[in-house]
Every structure is written in structure tokens, then in C-alpha cells.
Amino acid sequence: MPGSLEERCLDNGKSDAGTAGKEEKMRYLTFALAKGRLARKAMELFREIGITCEEMEDPDSRKLIFVNEELGYRFFLAKASDVPTYVEYGAADIGIVGKDTILEEGRNLYEVLDLGIGQCRMCVCGPKEASRYLHNHELIRVATKYPSIAKDYFYNKKHQTVEIIKLNGSIELAPLVGLSEVIVDIVETGSTLRENGLEVLEEICPLSARMVINQVSMKREQERIAGIIRQLRSRIS
Ligand code: PRP
């Protein structure tokens, strides 16, 4: 067992005691994927460049880590907000996660590629009448699952003092029941807003799935990682 935390995190090599030192075996490249639709779409994209994992295709599997021994890849699914953490600490070399999560978590990692999947927008939304609060820079309450993004937008970009209220889901409820005047949330098709009499009042930024890389892995596995980025880039554009 290696000593330091960094060594423990990074020593996921395939070397075994008998051959260690004699023959350097290929180290696993570990991918952390935000579970759900993003992971499924990312694996479809990976398949196109020959990165596959049969184990992951079994819907009944309760496994947490999936391996492609032959190619030297490991995959695990994690809650989206945890993906940047796994990547920053080197428990995963590569992460696939939404730009919303990257902005919110503010971890130290390299964002190397826009995968062009899961496209949506981060917006300030609310009932139409609430637009005057934004226009007049009034002290309002803003409900959101993304307090860092909301704070950055209102304080640093709009220079508007607001009260941020952190929620964990169904954010559209907040203005409907009087918890907040507006929300900061993801808008994809816009149907949740429409069905609840709300609308986009201001757009903060476009979002999509990104590939992020651990800063040490970027150097240590430069060749393999650069190869993957190059192949994905040629598929995407
Ligand atoms: C997201 C987001 C909106 C909705 C937007 O919620 O928070 O509520 O999707 O999609 P639309 O524009 O296509 O209607 P999600 O379904 O992830 O669940 P949550 O409300 O629990 O966050």
C-alpha cells in the first residue's frame, strides 16, 4: 500500500507483486461518469471511438465499478455533484459531468472538451411580473440548487444584492408557493416552466456535458488521454 494520499489515490495500477519492477503493466485509466442520461449518452459516444465496457450494459448488475481488462479502462457511476471531487483527488482520471456541476463545485481540474450532449441553459426564471425586480435590482429571494452559480451571477455580474435560498429539487415550486420571487435553474425544453406559468427572465450561461481531467493524470497519462480527446474531438465536430 503506497504511503501518501496522492499515491493511494493514484496507485490503481495493474502491476502484481510477482512481476512488479520486471515488467511495467498498463495502468487502468479510470472514468467517473455522472449517472443517468449523461452517462448513457457518453458511453454511446465512447463506443464510437472504441471505448466500450460490456459489464456496464447489464441492467441488473449491482456492481459499482466496471472494468474493460483488455483496454485497461475502469468506469464508475457517481452522483453528478461528486464527479468533480473524484477527479480532483485522483480517484478518477477522467470525469464526464455537466458544466453546471463544474461551475457549482469549483474544483481544481482541467476541463478539456465539450461533448455536445445534454445541452441546456442556466437561467433566472419566474413569473413574468418578476422581471421588474431584476430590472430594478431589488432585494429579492432566489431559490436554487446552484447557490454558487446564483451568487456569482447576482453579486459579481449583475451587482444585485439578493438572498439565496438553497433547495434540492423541484425548484419551480419556490415562486409558486411564495418562497422566492425567482429561481436559478436549468432549462432544457422549457416545458416545466410553461406548465407552471413561469418563464425565462434572464439567461446565465449555456450548459452541456464536459470531459474533465485530473491535473496529475493529465501529465502522467498524457499520451492515452490526449489520444482519447483527439478521437472524441474528431467525432464531435
Ligand atoms: C431539471 C431542472 C428543471 C427541469 C428542466 O430538473 O431543474 O426542473 O429539469 O427541464 P425542462 O426545461 O425540459 O422542463 P430535474 O428533472 O433534473 O429534477 P429536479 O427538479 O428534481 O432538479
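Here goes a summary of the coordinates provided.

Criteria and thresholds
Residues numbered from 1 in each chain as written. Predicted model: local features only at pLDDT ≥ 70, side-chain atom pairs only at ≥ 80, totals over all residues. Heavy atoms only, no water. Pairing = 2+ DSSP bridges. Helix = DSSP H or I, 4+ residues; strand = E, 2+ residues; numbered from the N terminus. Axes fitted to C-alpha atoms, helices over the stretch in contact; angles between N-to-C directions. Buried < 20%, exposed > 50% of the residue type's maximum accessible area, 1.4 Å probe, protein only. Expected span 1.5 Å × (residues − 1). Arc of directions from axis to C-beta. Contact = heavy atoms within 4.5 Å. Phe/Tyr/Trp six-rings, centres within 6.5 Å; stacked < 30°, edge-to-face > 60°. Salt bridge = Lys/Arg side-chain N within 4 Å of Asp/Glu carboxyl O.

Overview of the sheet that holds strand S6 (residues 120-126)
Then, number 1: Across the sheet, which stays open at both edges, the five strands sit in the order S8-S7-S9-S6-S10 with mixed pairing between neighbours. The strands lining the two open edges of the sheet, one partner per strand, are strand S8 (163-166) and strand S10 (199-207). Between one strand and the next, the sheet's axes are offset by a mean angle of 25°, whatever the strand orientation.

Section: helix H6 (residues 147-157)
Then, number 1: All of the buried residues along H6 are Pro147, Ile149, Ala150, Tyr153 and Phe154.
Then, number 2: Backbone geometry just downstream of H6 places His159 in the positive-phi region, at approximately 55°.

Brief notes about helix H2 (residues 37-48)
Then, number 1: Taking 1.5 Å of rise per residue, the 12 residues of H2 would be expected to cover 16 Å, and the 17 Å separating its terminal C-alpha atoms lies within 8% of that figure.
Then, number 2: For H2, the set of buried residues is Leu38, Ala39, Ala42, Met43, Leu45 and Phe46. One side of H2 holds all its buried residues, which, seen down the axis, span an arc of 160°. Turned more than 90 degrees away from the buried face of H2 sit Arg40 and Glu44, all of them exposed.
Then, number 3: On its buried face, H2 is in contact with strand S1 (29-34), strand S3 (73-78), strand S4 (94-98), strand S11 (209-213) and helix H10 (222-236).
Then, number 4: Downstream of H2 by one or two residues, Gly50 has phi in the positive range, about 85°.

Quick word on the packing of aromatic side chains
Then, number 1: Following the criterion strictly, the structure yields six aromatic pairs and no others.
Then, number 2: With 5.5 Å between their ring centres and 80° between their planes, Tyr153 and Phe154 make a pair best called edge-to-face. Phe154 matches Tyr153 in its accessibility class, with the two residues each being buried.
Then, number 3: Of the aromatic side chains, those joined through ring pairs into one cluster are Phe31, Phe46, Tyr73 and Phe75.

Things to note about the pattern of salt bridges
Two side chains of opposite charge can pair, provided their charged atoms sit close to one another.
Then, number 1: Per the stated rule, a full pass over the model turns up 14 salt bridges.
Then, number 2: Among the salt bridges present, the one from Asp93 reaches Arg27, with a minimum N-O distance of 3.1 Å. With Asp93 in the loop between helix H3 (83-88) and S4 and Arg27 in the loop between helix H1 (5-10) and S1, this residue pair connects regions lying 66 residues apart in the sequence. Each member of the pair Asp93 and Arg27 is classed as buried.
Then, number 3: For Lys158, the salt bridge goes to Glu202, with nearest N and O atoms at 3.0 Å. Linking Lys158 in the loop between H6 and S8 with Glu202 in strand S10, this pair joins segments that are 44 residues apart in sequence. There is no split in this pair, since Lys158 and Glu202 are both buried.
Then, number 4: In this structure, a network of salt bridges that share partners links the residues Arg27, Asp93, Glu221 and Arg224.

Thoughts on the sheet that holds strand S5 (residues 110-114)
Then, number 1: With mixed pairing, the six strands of this open sheet are ordered in space as S2-S3-S1-S4-S11-S5. Edge positions in the sheet fall to strand S2 (65-68) and S5, since each of these pairs with one other strand and no more. Adjacent strand axes in the sheet meet at a mean angle of 25° when their direction is disregarded.
Then, number 2: In the sheet, S2 pairs with S3 via four bridges, with the strands oriented antiparallel. When the bridges of S3 are listed, Phe66 appears paired with Phe75.
Then, number 3: Along the sheet face, H2 touches S1, S3, S4 and S11 and points at about 140° away from the line of S1.
Then, number 4: Helix-sheet contacts for H10 involve S1, S3, S4, S5 and S11, and the interaxial angle to S5 is about 30°.

Shape is all these values report; function is a separate question.
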